[in-house]
Amino acid sequence: MFESLQDRLGSILNGLTGRGALSEADVSAALREVRRALLEADVALEVVRQFTDKVREKAVGAAVLKSIKPGQMVVKIVHDELIDMLGSEGVGIDLNAVAPVVIMMVGLQGSGKTTTTGKIALRLTSRDKKKVLMASLDTRRPAAQEQLRQLGVQTGVDTLPVIAGQSPTDIAARAVQAAKLGGHDIVILDTAGRTHIDEPLMIEMAEIKRKSNPHEILLVADALTGQDAVNLARNFDERVGITGLVLTRMDGDGRGGAALSMRAVTGKPIKLIGVGEKMTELEEFHPRRVADRILGMGDIISLVEKAAENIDAEKAAAMAAKMKTGKFDLNDLADQLRQMQSLGGMGGIMGMMPGMGGMKDKMASAGLDDRMFGRHLAIISSMTKAERANPDMLKHSRKKRIAAGSGTDASDINKLLKMHRQMADMMKMMGGKKGGGMMKQMMGGLAGKMGLGGMGGMGGMPDLSKMDPKQLEALQKQAEAAGLGKGMPGMGSGMGGGGLPGLGGGMKLPGLGGLTGLPGLPKKK
């Protein structure tokens, strides 16, 4: 999502932050590049003009150009304007109305209305504990009503029985009546689409709206629509009156200009985004988090939320207890790999880590991508229970059998075993009796030198959110001197030097054992 825009804007703004002083010409040149990057990302021309004009107006003032760090001030202005363009706050589906709340789905054919209807119904059922009824008003597309019925069976959501020969408006009226009689909280109307906007479509939408009196009218649009997204959103808003947007296939579009354009043109909030084919792959749209991600600042909050949703807390606690004893077999490694896949794989996690967005390509070129996870899981699955529990018993003949069963070769198996040995050794070190291993001693030593005293939690890890900037700077220098590398969490450039709000210093994804637990990461030389 927004990969190409993130890369372009990142390189442009890095050029500004690296300079000690900026002139108006420097800012203008950078804004020309920003304008080009937005146009290439399929953002509408009128929206790009408004955006660059607002940024220029604020960035060229004397207060910015003569400030101590003018580059970072310009980045902040771009960040704030991006948030303003995307909508200041995230807005969910409004359910504050008398039951049954009617939600009407509109959009062009092929934009993903029917699938999105099923996804929203599942989300409202599982998260909000609502009783939902889905009704297909698409009498033109072959098997459209059957498709929604199948989705209902798949998600366990009620669907309106199909009666042949009924018009869309009659079905809408029957759906609302059935929802009232069935005690449903919400009824979702999946309307018909066309390959393009035409008069009969708009007349039908207006008639369904009059008949069903929907509380929410959601325009479902494909993120791949490109420049035409503006016309689509404007036409539906003028003729039908939409209350929000749902963008589908956001995972498949590296540009994502439709998201920036449609919100800016209609003024209506983007409420949800489809990020995959699975019925659970529907997310709320948070403008601030998306702006952070576009500018390479990461999205730790979404990553933690995703971890909380996808990782079984009891399983994670059992894994942590096992690791403390220093035991770590191939079953545990497979669990770690599956958990990372559920969080979006290596690329997904890196994209959400502050300052790590640029690492994705480097890691992929080094062979550390999601395909590697798949190969490793295939290898582990081809082993017997005894082999998974005791990898030392894997000799040449066993490796040959496993390679044939998993479609890999002996070198892949050796790489996996080497990675497992490194992680197992690390677990023994961290879980050893000698006071939590090196990490506690190292962080305790740094803290002692800076006069921070005894710090509890996470084996002596200081709470970065409670330190002042001078202490953070001192800690970073100490860390670099100790060979820990630059950019400790919460202290990355452009983050304001105060840690991530509300997360404290000891943030750690449950069950993933911190960044040291990322399998296959090469050691720094």
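Thresholds applied
- Residues numbered from 1 in each chain as written.
- Predicted model: local features only at pLDDT ≥ 70, side-chain atom pairs only at ≥ 80, totals over all residues.
- Heavy atoms only, no water.
- UniProt positions renumbered as here; feature names shortened; annotations may be inferred.
- Core = buried A, V, L, I, M, F, W, Y, C linked by side-chain atoms within 4.5 Å.
- Buried < 20%, exposed > 50% of the residue type's maximum accessible area, 1.4 Å probe, protein only.
- Helix = DSSP H or I, 4+ residues; strand = E, 2+ residues; numbered from the N terminus.
- Domains from an automatic or database assignment.
- Contact = heavy atoms within 4.5 Å.
- Salt bridge = Lys/Arg side-chain N within 4 Å of Asp/Glu carboxyl O.
- Axes fitted to C-alpha atoms, helices over the stretch in contact; angles between N-to-C directions.
- Parallel < 35°, antiparallel > 145°, perpendicular 65-115°, else oblique.
- Left-handed = near helix turned anticlockwise from the far one by under 90°.
- Polar contact = N/O pair within 3.5 Å; in protein donor to acceptor, adjacent residues only side chain to side chain.
- Nonpolar A, V, L, I, M, F, W, Y, C, P; charged D, E, K, R; others polar.
- Lys, Arg positive; Asp, Glu negative; His and termini not counted.
- Pairing = 2+ DSSP bridges.
- Right-handed = clockwise from strand over helix to strand, strands pointing away.

Under an unreviewed UniProt entry, the name given to the protein is Signal recognition particle protein, and the organism recorded is Pararhizobium antarcticum. According to its UniProt record, the protein has this under Catalytic activity (unreviewed entry): "GTP + H2O = GDP + phosphate + H(+)". Per UniProt, the comment on the protein under Sequence similarities (unreviewed entry) is "Belongs to the GTP-binding SRP family. SRP54 subfamily."

A. A look at the nonpolar core. One finds Leu189, Phe236 and Met262 to be the most contacted residues of the largest nonpolar core, which totals 73 residues. Of all the elements, helix H5 (residues 70-86) adds the most residues to this core, at 8 residues. Inspection of this core shows a minimum of three residues originating in each of domain 1 (2-86) and domain 2 (101-285). Not counting the four nearest positions on each side in its chain, phenylalanine 236 is found in contact with Val106, Gly107, Leu108, Ile197, Leu201, Met202, Leu219, Gly241 and Ile242.

B. A look at the pattern of salt bridges. Tallying each qualifying case throughout the model produces 20 salt bridges. In this structure, arginine 234 and glutamate 46 form a salt bridge, with 3.3 Å as the shortest nitrogen-oxygen distance. Of this pair, arginine 234 sits in helix H10 (residues 229-239) while glutamate 46 sits in helix H3 (residues 45-59), placing them 188 residues apart in sequence. Arginine 234 gets classed as partly exposed once you look at its relative accessible area, which sits at 30%. For lysine 54, the salt bridge goes to aspartate 84, with nearest N and O atoms at 3.6 Å. Of this pair, lysine 54 sits in helix H3 while aspartate 84 is found in helix H5, placing the two residues 30 residues apart along the sequence. Owing to a relative accessible area of 37%, aspartate 84 belongs among the partly exposed residues under this scheme.

C. Looking closely at the packing of helix H9 (residues 199-212) against H10. At a minimum axis distance of 10 Å, the contact between H9 and H10 shows a crossing angle of 45 degrees. Relative to H10, H9 is oriented oblique. As H9 runs across H10, the sense of the crossing is right-handed. Contacts from Glu199, Leu201 and Met202 of H9 reach H10 at Asn235, Phe236 and Arg239.

D. Just the side chain of threonine 408, in detail. Within the secondary structure layout, threonine 408 lies in the loop between helix H20 (396-406) and helix H21 (410-431). Side-chain polar atoms of threonine 408 contact the side chain of serine 406, separated by 2.7 Å. If sequence neighbours within four positions are ignored, threonine 408 has contacts with Arg375, Ile379, Ala403 and Ile413.

E. Spatial organisation of the packing of H5 against helix H11 (residues 257-266). Taken N-terminus to C-terminus, the directions of H5 and H11 make an angle of 65 degrees; their axes are 7 Å apart at the nearest point. On the basis of their axis angle, the class for H5 and H11 is roughly perpendicular. Within the contact between the two elements, H5 uses Leu82, Asp84, Met85 and Leu86 and H11 uses Ala259, Leu260, Arg263 and Ala264. Among the residues making up the contact of H5 with H11, the classes are represented as 6 nonpolar, no polar and 2 charged.

F. Broad picture of the side chain of lysine 113. Mapping lysine 113 onto the fold places it in helix H6 (residues 113-126). Aspartate 190 provides the closest opposite charge to the buried, salt-bridge-free lysine 113, at an N-O distance of 5.4 Å. In this view, lysine 113 contacts Met105, Val106, Gly107, Leu108, Asp190, Thr191, Ala192, Gly193 and Val220; residues no more than four positions away in its chain are not counted.

G. Geometry of unusual backbone geometry. With an omega of -5 degrees, the peptide bond running from alanine 99 to proline 100 counts as cis. Turning to its location among the elements, proline 100 is positioned in the loop between H5 and strand E1 (101-106). Phi is positive for asparagine 213, which is not a glycine, with a value near 50 degrees. Among the structural elements, asparagine 213 can be located in the loop between H9 and strand E5 (216-222).

H. Structural view of the pairing of E5. Across the 7 residues of E5, 7 count as buried, placing the element largely inside the fold. Residues Glu216, Leu218, Val220 and Asp222 line one face of E5 and the alternating positions Ile217, Leu219 and Ala221 line the opposite face, and both faces are buried. Bridge count for E1 against E5 is 4 bridges, and the pairing is parallel. Bridging from a neighbouring strand, isoleucine 103 pairs with glutamate 216 of E5. Between the parallel pair E5 and strand E6 (residues 244-248), the chain is carried across by H10, and the sense of this crossover is right-handed.

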